[in-house]
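One letter stands for each residue in the lines below.
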Amino acid sequence: MPIAIFAPLLHLWLYCYGAAMKRKVLIVGIGAGNPEHMTAQAIDALNRADVLFIPHKGAEKQDLARLRQEICERFLRSDSRLVDFDVPVREQSTAYRESVASWHDAVADIYERLLSSELGDGELGAFLIWGDPSLYDSTMRVFERIRAMGKIALEYEVIPGISAVQALAAAHKIPLNRIGESILVTTGRRLAEDFPAAADSVIVMLDGDCAFKKVDGDAEIYWGAYLGTSDEILISGRLRDVSDEIERVREEARARKGWIMDTYLLRKPVKS
Ligand SMILES: C[S@@+](CC[C@H](N)C(=O)[O-])C[C@H]1O[C@@H](n2cnc3c(N)ncnc32)[C@H](O)[C@@H]1O
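Model, not experiment: these values are computed from the prediction.

Caption draft 1: Fine view of the sheet that holds strand β6 (residues 183–187). A sheet is described by the order of its strands in space; here five strands give the open sequence β6-β7-β10-β8-β9, paired in mixed fashion. Of all the strands in the sheet, just β6 and β9 (233–238) have a single pairing partner and so form its edges. Each neighbouring strand pair of the sheet contributes to a mean axis angle of 15°, computed without reference to strand direction. Note that strand β8 (residues 220–225) and β9 share six bridges and pair antiparallel. In the strand pairing of β9, Tyr 222 is matched with Ser 236.

Caption draft 2: Inspection of the nonpolar core at higher detail. Counting residues in hydrophobic clusters, the biggest one holds 25 residues, and the most contacted among them are Leu 191, Phe 212, Ile 221, Trp 223, Tyr 264 and Leu 266. Elements supplying a minimum of two residues to this core: β7 (201–205), β8, β9, α8 (239–257) and β10 (262–267). The element contributing the most residues to this core is α8, with five residues. Discounting chain neighbours no more than four positions away, the residues touching Leu 191 are Pro 196, Val 204, Ala 211, Phe 212, Val 215, Tyr 264 and Leu 266. Of all hydrophobic cores here, the second largest spans 22 residues; its members include Met 21, Val 25, Ala 108 and Val 142.

Calculation rules
Residues numbered from 1 in each chain as written. Predicted model: local features only at pLDDT ≥ 70, side-chain atom pairs only at ≥ 80, totals over all residues. Heavy atoms only, no water. Pairing = 2+ DSSP bridges. Helix = DSSP H or I, 4+ residues; strand = E, 2+ residues; numbered from the N terminus. Axes fitted to C-alpha atoms, helices over the stretch in contact; angles between N-to-C directions. Core = buried A, V, L, I, M, F, W, Y, C linked by side-chain atoms within 4.5 Å. Buried < 20%, exposed > 50% of the residue type's maximum accessible area, 1.4 Å probe, protein only. Contact = heavy atoms within 4.5 Å.

Structure follows, in structure tokens:
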């Protein structure tokens, strides 16, 4: 086909297809385990949406399903449709960044299919996201991938939520930072490599291996599991005094419930 005919046809096709596939979605932070973490803005967002998308991950599925049900029963005044879906598990065998990239591709495909098939023209969708959507959550990154794929003209708004970090600080009744000092938020995997030299207070999330065991025993730890829920467990003290206890309590809780979510704050010892 001559280029003079092909180019306008391509533009027409892209215009029609793009217009047909416009989707608008709210990414809603629902808090870190307590339905009362729901903000007025989050409640309003749920009630604005026609379809609520609820991701399920791993072993905590049942408990998260219960929380979502409680949130819907308490706060939903509209007849929004609920769509549950499973998020695939990330492949652990390849290098970390590589495995995250291919996991994001897989999740983007699922989201794109959901948005195309479950959300009608002019309807508003909402994704219910654990804690706050900006903290160790890939929904926004995945949405940007979908936009880059170009099949859906996707628009989204982000509604902030109470994160596990805020729930931890409130439960222990501690400010996160020392006066005039910085805080660093990191993962157990990173902490296991080294204690960040420049940070005074370090928040650790996504730690499956008790990385705190490698840290100087003089440091203080404020540890919390299942924060905001009726199973909440809190332990704090000098690492040398409480490290073994946390490891034991953590293992017992995980065996009992089949899953665990824990977060902690580490503070370097004060220099005299
Ligand atoms: C994938 S990240 C999601 C964080 C979430 N977006 C937030 O704002 O809290 C999951 C990690 O958050 C932490 N986490 C989330 N909810 C928690 C809770 N209720 N109690 C303790 N830690 C929690 C754990 O470190 C867990 O491994």
